Amino acid sequence: MSSYRLDYLDHLESEAIHIFREVAGQFEKPALLFSGGKDSITLVHLALKAFRPGKFPFPLVHIDTGHNFPEALDFRDKLVTEIGEKLIVRKVEDTIRSKNLTEQKGKFASRNALQTYTLLDVIEEFGFDACIGGARRDEEKARAKERIFSVRDEFGQWNPKLQRPELWNTYNGKIHKGENVRAFPISNWTELDIWNYIKRKNIELPSIYFSHERKVLEHEGQLVAVSEFINLEPTDIVTSKKVRYRTVGDMTCTAAVESTASNIDDIITEIIATKTSERGETRIDDKVSEAAMEDRKKNGYF
């Protein structure tokens, strides 16, 4: 008989697969929110484990801000082609035009807050009653408040003080007409768990996660990629550095970290040594205020 014992990654994988199957079983029209980042790529891998050899019981949905890293978009399209699943893309730029929305101004003008309008529109367009996301509790304090099944009201809003108990891994997906649930299969994972799982399963990632040379602008101790979306000033000093990304958001609000880590083992060593979360170190949009993420989530953000 085999002496193999399940370790913590096996338990996390099993929990995530269970959550995926609960979503499929409890909801009529779920969707998987997919960005081409490491967490959503891990979700796709877990969904393959949960549902193959069958097709996914949901499409992949990408809310495209138009400020994406090209590496993430290229990888998104490559992966979707490989697995043969349906991808729905809706663009924030189209929402800005149709709703006459006002874009943020300034050096690092972000469309992050405007994503909410596009997300709520696509939920209404397709009648999605659950959206699966890659949020993790260790990323940010507002995300630590979320349940695995997190209910949004008929206006897409989240009330952190009105959440359902989840005892013994029992997830309550009952909702009223117009309400929506955000489901988080990897909520209990950490950044280190994600990377150890990626290593174990040999999951391919966009090159942006590994050390590479990039032109950056140093801003308040953060290294922001120089791109057409950044409003450079004559006094700005652009340098070329060896960097990698811990998290992949928009080019306007995601900073890189200096790194020579060109393989997963080196990245894991870096993560073990760091004292800050990936969003805490690299997301400019989370530094707007102490409650920046929570305010966005209350209004319908991921």
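**Details of the sheet that holds strand E2 (residues 60-64)**
Inference 1: If you trace the 6 strands from one edge of the open sheet to the other, you get E3-E2-E1-E4-E6-E5, paired in mixed fashion. Strands at the two margins of the open sheet, each flanked by one partner only, are strand E3 (87-91) and strand E5 (149-152). Each strand of the sheet is rotated relative to its neighbour by a mean of 30°, with strand direction disregarded.
Inference 2: When E5 meets strand E6 (residues 180-183), the two strands line up antiparallel, connected through 4 bridges. Within E6, the residue paired with Ser-150 across the bridge is Arg-182.
Inference 3: Seen against the sheet, helix H4 (residues 92-99) touches E2 and E3 and runs at an angle of roughly 45° to E3.

**Focus on the packing of helix H2 (residues 38-51) against helix H3 (residues 70-83)**
Inference 1: Look at H2 against H3: their axes get within 12 Å of each other, and the N-to-C directions meet at 5°. Between H2 and H3, the angle falls in the class roughly parallel. Two secondary-structure elements touch here, H2 through Ile-41, Val-44 and Leu-48 and H3 through Phe-75, Leu-79 and Ile-83.

**Some remarks on the domain arrangement of the protein chain**
Inference 1: The domain architecture assigned to the protein chain consists of domain 1 (8-192 + 291-298) and domain 2 (205-285).
Inference 2: A C-alpha centroid distance of 24 Å is found between domain 1 and domain 2.
Inference 3: Summed over both partners, the interface of domain 1 with domain 2 comes to about 2,700 Å²; 56% of that surface belongs to carbon and sulfur atoms.
Inference 4: A per-residue breakdown of the area domain 1 buries against domain 2 is headed by Phe-69, Lys-107 and Phe-108, which together make up 31% of the total.
Inference 5: If you look at where domain 1 meets domain 2, you find 2 salt bridges.
Inference 6: Here Glu-191 ties to Arg-246 by a salt bridge, and the two come within 2.6 Å at their closest N and O atoms.

**Focus on unusual backbone geometry**
Inference 1: In this chain, Arg-52 is followed by Pro-53 through a cis amide linkage whose omega measures 15°.
Inference 2: Considering the arrangement of structural elements, one finds Pro-53 in the loop between H2 and E2.
Inference 3: Despite not being glycine, Asn-169 has its phi angle at roughly 55°, a positive value.
Inference 4: Residue position: Asn-169 is located in the loop between E5 and E6.
Inference 5: One non-glycine residue, Asn-202, adopts positive backbone phi at about 55°.
Inference 6: By secondary structure assignment, the location of Asn-202 is in the loop between helix H6 (191-201) and strand E7 (212-219).

**Some details on the layout of surface pockets**
Inference 1: There is about 290 Å³ of room inside the second largest pocket.
Inference 2: Elements supplying a minimum of two residues to the lining of the second largest pocket: helix H5 (115-126) and E6.
Inference 3: The element contributing the most residues to the lining of the second largest pocket is H5, with 4 residues.
Inference 4: Considered class by class, the residues forming the lining of the second largest pocket number 5 nonpolar, 5 polar and 9 charged.

**Examining H3**
Inference 1: Here H3 is 14 residues long and its end C-alpha atoms lie 20 Å apart, about the 20 Å a rise of 1.5 Å per residue gives.
Inference 2: Where the residues of H3 are buried, they touch H2, E2 and E3.

**Observations regarding the pattern of salt bridges**
Inference 1: The final tally for this structure, using the stated rule, is 21 salt bridges.
Inference 2: Here Lys-78 makes a salt bridge to Glu-204, at a shortest N to O gap of 3.0 Å. With a gap of 126 residues between them, Lys-78 in helix H3 and Glu-204 in the loop between H6 and E7 connect regions that are remote in the sequence.
Inference 3: Residue classification places Lys-78 among the partly exposed residues on the basis of a relative accessible area of 35%.
Inference 4: Across the pair Glu-103 and Arg-111 runs a salt bridge whose closest N-O atoms are separated by 2.8 Å.
Inference 5: With relative accessibility at 9%, the residue Arg-111 sits in the buried group.
Inference 6: Each of Lys-38, Asp-39, Arg-136 and Asp-138 takes part in salt bridges that share partners, so that together they form one network.

**Points about the pairing of E3**
Inference 1: Pairing between E2 and E3: 5 bridges, direction parallel. What sits directly across from Leu-60, in E3, is Leu-87.
Inference 2: Crossover handedness for the path E2 to H3 to E3: right-handed.

What counts, and at which threshold
Residues numbered from 1 in each chain as written. Predicted model: local features only at pLDDT ≥ 70, side-chain atom pairs only at ≥ 80, totals over all residues. Heavy atoms only, no water. Pairing = 2+ DSSP bridges. Helix = DSSP H or I, 4+ residues; strand = E, 2+ residues; numbered from the N terminus. Axes fitted to C-alpha atoms, helices over the stretch in contact; angles between N-to-C directions. Contact = heavy atoms within 4.5 Å. Parallel < 35°, antiparallel > 145°, perpendicular 65-115°, else oblique. Domains from an automatic or database assignment. Buried area = accessible area lost by both parts, 1.4 Å probe. Salt bridge = Lys/Arg side-chain N within 4 Å of Asp/Glu carboxyl O. 1 Å grid on protein atoms, 1.4 Å probe; cavity = no way out; pocket = protein on both sides within 12 Å on 5 of 7 lines; lining within 4 Å. Points joined across faces, edges and corners; volume = space filled by probe spheres on them. Nonpolar A, V, L, I, M, F, W, Y, C, P; charged D, E, K, R; others polar. Expected span 1.5 Å × (residues − 1). Buried < 20%, exposed > 50% of the residue type's maximum accessible area, 1.4 Å probe, protein only. Right-handed = clockwise from strand over helix to strand, strands pointing away.

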